[in-house]
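What the coordinates show
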Amino acid sequence: MKNKEEIISVGDNHFSTSIKTPLRADAFARSDDEKIKNIQHHFKMIMEEMGLDLTDDSLSGTPYRVAKMYVKELFYGLNPINKPKLSTFENKYRYKKMVVEQNITIDSACEHHFLPIIGYANVAYIPKNKVIGLSKINRLVDYYARRPQVQERLVIQILHDLQTVLETKDVIVSVTAKHLCVSSRGIKDQSSFTTTLEYGGCFSDTETRKEFLNSINQQMP
């Protein structure tokens, strides 16, 4: 059992213990409706402990709204049932240059404080025998973002899935995001942001990686 100082240190330093999101073995034993009901009950208790009057019309429905938001929206990516099908196609054109999908919206939450992580991802790969529908990359990014996250883990999870489905190590993922656990609490730094980068295969080469970084710095007119 961690003491208070250790608990705070882990949160402030963004420690991560696993590439996989930590889940209990019985994580999906309850239905979504059951989870919403239980979270609603406990969040109501949190609000009451804070001294809020839940008989007020504006607050009375908040526990249910928060519970539904957690299960169905913010954290739907916890359930593997919601994982998008990553359709791939034969690379009939024999296209061998970089494919880049950039400025993909990141809307996640820090697992240490449950505060928003907001930013964007850039993903590129160099096809071998397979290509993937571009929208599937966006859906995969959103799936892994929609869970309590650590940004370092997020880029690794996206990378590993794409490498597996595309049957190539030639994939690179970058995420740039603002963390409200930094801007709204603790140091309260409003201007800083965090960038994480994970890659494999030919992107380990400096020049290839530079080509990717140059491409994502180009803006649409």
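Positions within a chain are numbered from 1, following the residues in the order the chain's sequence is written. Since the coordinates come from a predicted model, pLDDT governs what is reported: local features require at least 70, and pairs of side-chain atoms require 80 or more to be given and counted, while whole-chain, interface and lining totals use all residues. In computing side-chain values, all of the structure's heavy atoms are included and hydrogens and water are not.

Before going further, it helps to spend a moment on the overall build of the protein. Secondary structure elements are taken from DSSP: a helix is a run of H or I of four residues or more, a strand is a run of E of two residues or more, and numbering for both begins at the N terminus. Looking only at helices and strands, one finds eight helices and seven strands in the protein. Taken along the three principal axes of its C-alpha coordinates, the protein extends 65 × 40 × 40 Å. Looking at the protein alone, contacts between residues at least 24 apart form 70% of all its contacts between residues at least 6 apart. A 1.4 Å probe and the Shrake-Rupley method give the accessible areas. Residues count as covered only by the protein chains that appear here. Total accessible area computed for the protein in this model is approximately 13,600 Å², and 54% of it derives from carbon and sulfur atoms. A contact between two residues is defined here by any heavy atoms of the two lying within 4.5 Å.

Within the fold, Arg147 resides in the loop between α5 (134-145) and β5 (148-149). Despite being buried, Arg147 has no salt bridge partner; Asp161 is the closest side chain of opposite charge, sitting 7.9 Å away. Any pair of N or O atoms that falls within 3.5 Å is considered a polar contact. Within protein, one atom must be able to donate a hydrogen and the other to accept it, and sequence-neighbouring residues count only if both atoms are side-chain atoms. Of note is the side chain of Arg147, whose polar atom sits 2.4 Å from the backbone oxygen of Gly77. In contact with Arg147, other than residues within four places in its own chain, are Thr21, Leu74, Phe75, Gly77, Leu78, Ser108, Ala109 and Gln157. Each residue's exposure class comes from its accessible area (1.4 Å probe, protein chains only) as a fraction of the maximum for that residue type: buried when under 20%, exposed when over 50%, partly exposed otherwise. Neither His nor the chain termini are counted; the positive set is Lys and Arg, and the negative set is Asp and Glu. Each reported salt bridge corresponds to a side-chain nitrogen of Lys or Arg within 4 Å of a carboxyl oxygen of Asp or Glu.

This next bit is on the layout of surface pockets. Using a grid of 1 Å spacing that covers the protein atoms alone, one calls a set of points a cavity when a 1.4 Å probe fits there but cannot get out, and a pocket when the set is open and has protein on both sides within 12 Å along at least five of seven lines; lining residues are those with an atom within 4 Å of a point. Grid points are joined across faces, edges and corners, and a volume is the space filled by probe spheres set on the points. Here the largest pocket defines a volume of roughly 700 Å³. Lining of the largest pocket is provided by 24 residues; of these, Leu23, Ala27, Lys35, Ile39 and Leu78 occupy positions nearest its centre. Elements represented by at least two residues in the lining of the largest pocket include exactly α2 (32-49) and α4 (62-74). Looking at the lining of the largest pocket, the element that brings in the most residues is α2, giving five residues. Following the grouping adopted for this structure description, the nonpolar residues are Ala, Val, Leu, Ile, Met, Phe, Trp, Tyr, Cys and Pro, the charged ones are Asp, Glu, Lys and Arg, and the polar ones are all others, Gly among them. Tallied by class, the residues present in the lining of the largest pocket amount to 12 nonpolar, four polar and eight charged. Empty space within the second largest pocket amounts to approximately 180 Å³.

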